[in-house]
Amino acid sequence: MDRYGPTPAYTPEGGWEMGEPDKLVKTHCCFCGVQCGIQLKVKENKVIGFEPWEEFPVNEGKLCPKGVKRYMQNEHPDRLKAPLMRSESGFREADWDEALSKTVSEIQRVQQTYGKDAVAFLGGASMTNEKAYLNGKFARVALGTRNIDYNGRLCMVSAGAANKMAFGIDRSANPWEDIPKAKVLILAGTNVAECFPILTDYIWRARDNGAKIIVIDPRITPIARTADLYLPVRPGRDSALAHGILHVMIERGWIDETFIAEHTNGFDEVRELVKEYTPEHTEKLTGVPAKNIIAAAELWGTAETSMLLHARGIEHHTKGVENVLSYINLVLATGRIGKPGSGYGTITGQGNGQGGREHGQRCNQLPGGRDINNPEHRNHIADFWGINEPDLPGEGLTACEIIDAIEEGKIKALVSISFNPLVSIPDSARTRAALEKLEHFTTIDFFLSETARHADVVLAGSLQEEDEGTVTTGEGRCVRLRNSVSPAGNARLDWHIIQDLAQRLGAADHFNFENAGEIFSELTRASAGGPIDYSGMSYERIENEMGVFWPCPAPEHPGTPRLFEGGQFAHPDGRAKFHAFPYRPPDEDVDAEYPIFFTSGRVVSQYLSGTQTRRIGALVDQYPEPLCEIHPRLAERLGIGEGDRVRVSTRRGDIEVPAQIVKSIRPDTVFIPYHWPGKKAANRITNRALDPISKIPEFKVCACKVERAQ
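Residues numbered from 1 in each chain as written. Predicted model: local features only at pLDDT ≥ 70, side-chain atom pairs only at ≥ 80, totals over all residues. Heavy atoms only, no water.

Asker: Honestly, the nonpolar core in this entry has me stumped. Any pointers?
Answerer: Soluble globular proteins: nonpolar side chains tend toward being buried together. One finds F138 and M249 to be the most contacted residues of the largest nonpolar core, which totals 114 residues. Looking at this core, the element that brings in the most residues is helix α12 (residues 320-334), giving nine residues. Core analysis: the second largest hydrophobic core is formed by 67 residues, A311, Y607, C704 and V706 among them. (Core = buried A, V, L, I, M, F, W, Y, C linked by side-chain atoms within 4.5 Å. Buried < 20%, exposed > 50% of the residue type's maximum accessible area, 1.4 Å probe, protein only. Helix = DSSP H or I, 4+ residues; strand = E, 2+ residues; numbered from the N terminus.)

Asker: When you look at the sheet that holds strand β2 (residues 37-43) in this model, what are you seeing that I'm missing?
Answerer: Strand pairing in a sheet takes place through backbone hydrogen bonds and is either antiparallel or parallel in direction. Spatial ordering of the open sheet is given by β1-β2-β3, a layout of three strands whose pairing is antiparallel. Every interior strand has two partners, whereas the edge strands, β1 (23-28) and β3 (46-52), have only one. Across this sheet, the average inter-strand angle for adjacent strands is 35°, counted without regard to direction. One ladder, built from six bridges, connects β2 with β3; its direction is antiparallel. When the bridges of β3 are listed, L40 appears paired with F50. (Pairing = 2+ DSSP bridges. Axes fitted to C-alpha atoms, helices over the stretch in contact; angles between N-to-C directions.)

Asker: Please clarify how the pattern of salt bridges should be interpreted in this entry.
Answerer: Pairing is possible between side chains that carry opposite charge, provided their charged atoms lie close to one another. Summed over all chains, the structure comprises 51 salt bridges. With a closest N to O distance of 2.8 Å, E522 and K137 form a salt bridge. With E522 in helix α18 (residues 516-527) and K137 in helix α2 (residues 129-143), this pair connects stretches of sequence that are 385 residues apart. What makes E522 buried here is its relative accessible area of 10%. The class for K137 is buried, based on a relative accessible area of 3%. Here R688 makes a salt bridge to D404, at a shortest N to O gap of 2.6 Å. Taken together, the residues span a long stretch of sequence, with R688 in strand β28 (residues 687-690) and D404 in helix α14 (residues 399-407) at a distance of 284 residues. If you follow the salt bridges from partner to partner, you end up with E60, K62, D201 and R205 in one network. (Salt bridge = Lys/Arg side-chain N within 4 Å of Asp/Glu carboxyl O.)

Asker: What is the right way to read the sheet that holds strand β20 (residues 477-481) from this model?
Answerer: An order of β19-β20-β21 is seen for the three strands of this open sheet, with the pairing classed as antiparallel. Strands with a single pairing partner mark the edges of an open sheet, and in this sheet they are β19 (469-472) and β21 (548-549). With four bridges connecting them, β19 and β20 associate as antiparallel partners. The residue of β20 that forms the bridge with T470 is R480. Each of β19 and β20 touches α2; the most contacted strand, β19, lies at about 95° to it. (Contact = heavy atoms within 4.5 Å.)

Asker: In this structure, what is going on with the packing of aromatic side chains? I would like to understand it.
Answerer: Each aromatic ring pair is specified by the distance between its two centres and by the angle formed by the two planes. The full count for this structure, using the stated rule, is 15 aromatic pairs. Consider the rings of F167 and F569, whose centres lie 6.0 Å apart with planes at 15°: the pair is stacked. Of this pair, F167 sits in helix α3 (residues 157-167) while F569 sits in the loop between β21 and β22 (576-577), and the two are 402 residues apart along the sequence. Assigned by exposure class, F167 and F569 land together as buried. Taken together, F167, F259, Y344, F564 and F569 form an aromatic cluster joined through their ring pairs. Positioned above the aromatic ring of F511, the side-chain terminus of K137 is 5.2 Å from the ring centre. For the cation-ring pair, R171 lies above W550, with the distance from its terminal atom to the ring centre recorded as 5.9 Å. (Phe/Tyr/Trp six-rings, centres within 6.5 Å; stacked < 30°, edge-to-face > 60°. Lys NZ or Arg CZ within 6 Å of the ring centre and 35° of its normal.)

Asker: Please explain helix α17 (residues 494-504) as it appears in this structure.
Answerer: Residue pairs spaced three or four apart in an α-helix point in one direction, given the helix's 3.6 residues per turn. Within α17, eight of the eleven residues are buried, which leaves the element mostly enclosed by the surrounding structure. Along α17, the residues classified as buried are D494, W495, I497, I498, Q499, D500, L501 and A502. Of the residues trailing α17, G506 is marked for its positive phi of about 95°.

Asker: In this structure, what is going on with the environment of L608? I would like to understand it.
Answerer: Mapped onto the fold, L608 is located in the loop between β23 (596-601) and α20 (617-622). In the structure, L608 is positioned 575 residues away from G33 in sequence and 12 Å away in space, judged by C-alpha atoms. In contact with L608, other than residues within four places in its own chain, are S126, G349, Q350, R602, Y674 and H675.

Asker: Looking at this structure, I do not really get the state of the cysteines. What am I missing?
Answerer: Each disulfide consists of a covalent bond between the sulfur atoms of two cysteine residues. The full count for this structure, using the stated rule, is zero disulfides. Counting only cysteine sulfurs, C29 is the nearest neighbor of C30, a cysteine outside any disulfide, at a range of 4.9 Å. Cysteine C552 remains unbridged, with the sulfur of C478 as its closest cysteine sulfur at 9.6 Å. (Disulfide = S-S within 2.5 Å.)

Asker: Explanation requested: the packing of α2 against α18 in the structure shown.
Answerer: Close contact between α2 and α18 brings their axes to 9 Å; oriented N to C, the two are set at 70°. In terms of orientation, α2 lies roughly perpendicular with respect to α18. The segment α2 lies against α18, with N129, E130, Y133, L134 and K137 engaging A516, I519, F520, E522, L523 and A526. When its residues are assigned to classes, the contact of α2 with α18 shows seven nonpolar, one polar and three charged. (Parallel < 35°, antiparallel > 145°, perpendicular 65-115°, else oblique. Nonpolar A, V, L, I, M, F, W, Y, C, P; charged D, E, K, R; others polar.)

Bear in mind that shape data such as this cannot, by itself, settle questions of function.
Below is the structure:
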């Protein structure tokens, strides 16, 4: 296992003295949904550095700490360069025919013994749109299983579900260039400076233009340190706080009754709901002082222009969809949406968090954002793929439910790509036990992740810079990724591997693509007429226009940077919908045995499960191991000093890490970042309880106790 790391690399293979590059390749960073433009320096089929791409309008050459080191993955010593197969003494290298044949024979054996749905497929949301489309088609046409989902289920699905319920479509309403035009910004549960770093520049420009910034978070995150108003909400009380703000807005007349009457439905129910959320009542629920709730309502309610930005802080809950809808109510009540500087945005978590959820690798969705339970949508895609509609599997299990079904013995084999659930999913002891119960497990990846160590077959896949394709950024802009180098050693392009498996499973007629461009062309045609329409896009156009916003239903269509202009929404009646969900407590609240809130999140130098960033030395040095943030008052009460090892325990297990005593967290809450595996994994102790609509786990709040470790 030492061969596969993680090994922190500090210099490119071959050292720094590589001389002048052979070429500069304009492409995009692989970390986060901003997808900053970058020019990779390539020499002798190796990425040896980068240059800023100042012409790309989103980041104008700027990059975050991860962006400037992203190229260090290329030629990394841990890189998988050949297929691996499990043997009695560990992994051994294999040739492609042996590894693929083993995978196919095991899939066929399991399906003949237990049925088609006994095989599950898990995809990733950092891959290209082309791969997301191919994953969905592979699972439903080649495997014939209904059990396909993706790791975006752990990320943006609460926002996506709420978007569809409120607006009828799942996308941020505004381009990022609208942010500096806003006079008030609400940032709810978004540690944007660490998770979406370059977008901070847009917020600062808004502030320079005179905007007031309201930050809602249990922690004083870096962006909160420059806020005009900081609301330190008690974990798990976000919807109550939104209701309290709206209560004041209605009471003071800071809403747009005309817009509400002409362009929305459901406001009367919301008006009735929020009557009880007086500032004083809301203070008792949320811990936010009543005077600051009133101040937030006045800033937001009376603004000339305004934008709401939110992320996982309000979404990673068993009521994540309800939280998002409660904040969307604040936007709709003002009528400030669909205009320059006025609207709404979801901060996506993964590299292709937007596009990865659009093209059919979700358990309930077909290409073009079509509903797998809608007979018309099913017939359309079945006809397009040339299969009979009854042969198109129905809605399957979500990501966490698939792991649960493996644990219960209902799913016997798994194929996954770029997904590390052993680090990513709550209650990791249960995840590990489930993986050990699989009769067969094949994974596709470019590093041997902690999850891949449990596989029977590991297929060496491709880095972003080794393939062609597109991704869709958090603002809905489809951008072009360019091939820079070929896959290392005997590794293959991911889509080649998927297509080869499909052909060996007898679906060659449906999988005969010559290049990624042909997959994109099929994707765009499949999306035509659907809720998420890419049919007017082409690689050439995307490159020439620095990205194209969907919907783009025809080659001559300009794309749609700003949605809902003129108050026209995507529901059949053209109106937006308010939703009235009463506040309810988290699945697991504090009590006498576990009296402290636990929450988790990211740090700026790491990305998701850390599979990539824990191998880049300069990023590891910035934050070498997880720390437990704890307020000085709580630390003093528990007899804990700076750097002491603390044990944080929940009903699922415990974790021991050094204490970091900070004043930037509520005194009733502790925080540990989640990027590490094994005994350092924050998800050893988080709660797997799911939101009933989005099926996202409740990462952001559970009950814990904290003590100094002996």
